[in-house]
Amino acid sequence: MPELPEVETVRLGLLPVLVGHRLATVTQARPDLRFPLPPRFADRLRGRRVDALQRRAKYLLIHLEGQLVLLAHLGMSGRFYVVGAGQPLPPAAPHDHVTFVTDVGVTIRYCDPRRFGFMDLVPTADLLHHPRLTGLGAEPLEDGFDARTLEQGLAGRMTSIKAALLDQRLVAGLGNIYVCESLFHAGLSPRRLAGSVHGQRAARLVGTIRSVLADAIRSGGSSLRDHRHPSGELGTFQHGFAVYGRAGLACPGCTCDPGRTGGIQRIVQGGRSTFFCPRRQR
Ligand SMILES: [Zn+2]
């Protein structure tokens, strides 16, 4: 499932082809994605200029002229791909659900085989009150996220730190992969009680969350299944995972012998896999 770095990679890829351009043509191949597309979806978008392209948590916010925002979520398998003006346009695939063509002839298609993604149209004035966006926690790469906010958010929580970091009301945009990686680099056990992460530990964790996300964005995200840059390129951060998906191997810089210690462990927390090094994460 795309997490913050994958969605940011998509945003960066769409930015140059969308912002400042008009949506000359919009076509939808079906009435719904995960939810029904809004009434007159294509009609309401057609002809509008894209003024800005933001991201909030795992949501893309495409700001259009006339105070309208196209809110898009990639779900599990959604991706956008771009075909440049004058390039041969491949026939639409069965899972290409929405197609935008800009005023300079660039085609942007939204493809989503599992159809867990969705799109909505929201008046700009209502954006902050949209049910998907209210209650979202701090953006981890912005100034509002620091040791103090994290510590306050974790104080008194009786869940594991892993579960707390997956809670989008605390920090927005983190999923399983980046939580595992951040906890490893912070030297914190995913099983540790959330409320026990304060002071130096909270400060260290903020630092590792930020650096893991920034590194992942620089690598174009992690391409495990469906994620791709809108140009079609794969992300490469999966090659840099310290622990995620590496059960039984040695963690980077580990001096232990995985043949004897078992190396990185995989456990299940809240129904999802957690990977960690029990010797270096406490
Ligand atoms: Zn280790």
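Residues numbered from 1 in each chain as written. Predicted model: local features only at pLDDT ≥ 70, side-chain atom pairs only at ≥ 80, totals over all residues.

Peer 1: Lay out the pairing of strand β4 (residues 68-73) in plain terms, naming residues and giving numbers.
Peer 2: Moving residue by residue along a regular strand, the side chains alternate between the two faces of the sheet. As defined by bridge partners, strand β3 (residues 59-64) adjoins β4 across 6 bridges and the pair is classed as antiparallel. Its bridge partner lying in β4, Ile62 is registered against Leu70. Linking β3 to β4, which pair antiparallel, is a turn of 3 residues; within it Gly66 sits at a positive phi near 85°. Pairing between β4 and strand β8 (residues 118-123): 6 bridges, direction antiparallel. (Pairing = 2+ DSSP bridges. Helix = DSSP H or I, 4+ residues; strand = E, 2+ residues; numbered from the N terminus.)

Peer 1: Tell me what's going on with unusual backbone geometry, and back it up with residues and numbers.
Peer 2: In the Ramachandran plot, Ala57 falls in the positive-phi region, its phi being about 55° despite a non-glycine side chain. Looking at the element boundaries, Ala57 is found in the loop between β2 (50-56) and β3. Residue classification places Ala57 among the buried residues on the basis of 20 C-beta atoms within 10 Å. Positive phi values are uncommon outside glycine, yet Arg115 reaches one of about 55°. Along the polypeptide, Arg115 turns up in the loop between β7 (107-111) and β8. (Buried ≥ 20, exposed ≤ 12 C-beta atoms within 10 Å, placed from the backbone.)

Peer 1: Tell me about the sheet that holds β8, residues and numbers included.
Peer 2: Spatially, 4 strands are ordered β2-β3-β4-β8 in an open sheet, and the strand pairing comes out antiparallel. A single partner strand is all that each edge strand has here, and the edge strands are β2 and β8. Taken pair by pair, the neighbouring strands of this sheet meet at an average axis angle of 20°, ignoring direction. Here helix α1 (residues 4-18) sits on the sheet in contact with β2 and β3, set at roughly 175° to β2. (Axes fitted to C-alpha atoms, helices over the stretch in contact; angles between N-to-C directions. Contact = placed C-beta atoms within 7 Å.)

Peer 1: Lay out the sheet that holds strand β5 (residues 79-83) in plain terms, naming residues and giving numbers.
Peer 2: Spatially, 4 strands are ordered β1-β6-β7-β5 in an open sheet, and the strand pairing comes out antiparallel. Each edge of the sheet is formed by a strand with only one pairing partner; in this case those strands are β1 (23-28) and β5. Here the strands of the sheet are splayed against their neighbours by 15° on average, with no regard to which way each runs. As judged from the 5 bridges shared by β5 and β7, these two strands associate in the antiparallel manner. The partner of Tyr81 across the bridge, within β7, is Arg109.

Peer 1: Any chance you could break down the environment of Phe275 for me, citing the residues and the numbers?
Peer 2: Positionally, Phe275 belongs in strand β10 (residues 272-276). Judged by local crowding, Phe275 falls into the buried class, with 24 C-beta atoms found within 10 Å. Spatially, the C-alpha atom of Phe275 lies 28 Å from that of Pro113, the residues being 162 residues apart in sequence. Excluding residues within four positions of it along the chain, Phe275 makes contact with Cys180, Val243, Tyr244, Gly245, Arg246, Ala247, Ile264 and Arg266.

Peer 1: Mind laying out the packing of helix α5 (residues 176-186) against helix α6 (residues 199-218), listing which residues take part and the relevant values?
Peer 2: For the pair α5 and α6, interaxial distance at closest approach is 8 Å and the crossing angle is 130°. Here α5 lies oblique to α6, going by the angle between them. You can see that α5 and α6 cross each other, and the crossing is right-handed. Only Arg204, Leu205, Thr208, Ile209, Val212, Leu213 and Ala216 of α6 make contact with α5, whose side of the interface consists of Tyr178, Glu181, Ser182, His185 and Ala186. (Parallel < 35°, antiparallel > 145°, perpendicular 65-115°, else oblique. Left-handed = near helix turned anticlockwise from the far one by under 90°.)

Peer 1: If you had to explain the domain arrangement of the protein to someone new, which residues and values would you point to?
Peer 2: If you check the domain split of the protein, you get domain 1 (4-129) and domain 2 (147-276). In this structure, domain 1 and domain 2 have C-alpha centres spaced 30 Å apart. Between domain 1 and domain 2, the contact holds 15 residues from the first and 21 residues from the second. For the side of domain 1 that touches domain 2, the secondary-structure elements that each account for two or more residues are α1 and β5. (Domains from an automatic or database assignment.)

Peer 1: Go over the environment of Gly78 with me, naming the residues and quoting the values.
Peer 2: Tracing the chain through its elements places Gly78 in the loop between β4 and β5. The exposure class assigned to Gly78 is buried, which follows from the 29 C-beta atoms found within 10 Å. Distance in space between the C-alpha atoms of Gly78 and Asp226 is 7.4 Å, their sequence separation being 148 residues. When near neighbours in sequence (up to four residues on either side) are disregarded, Gly78 contacts Tyr110, Asp112 and Gly117.

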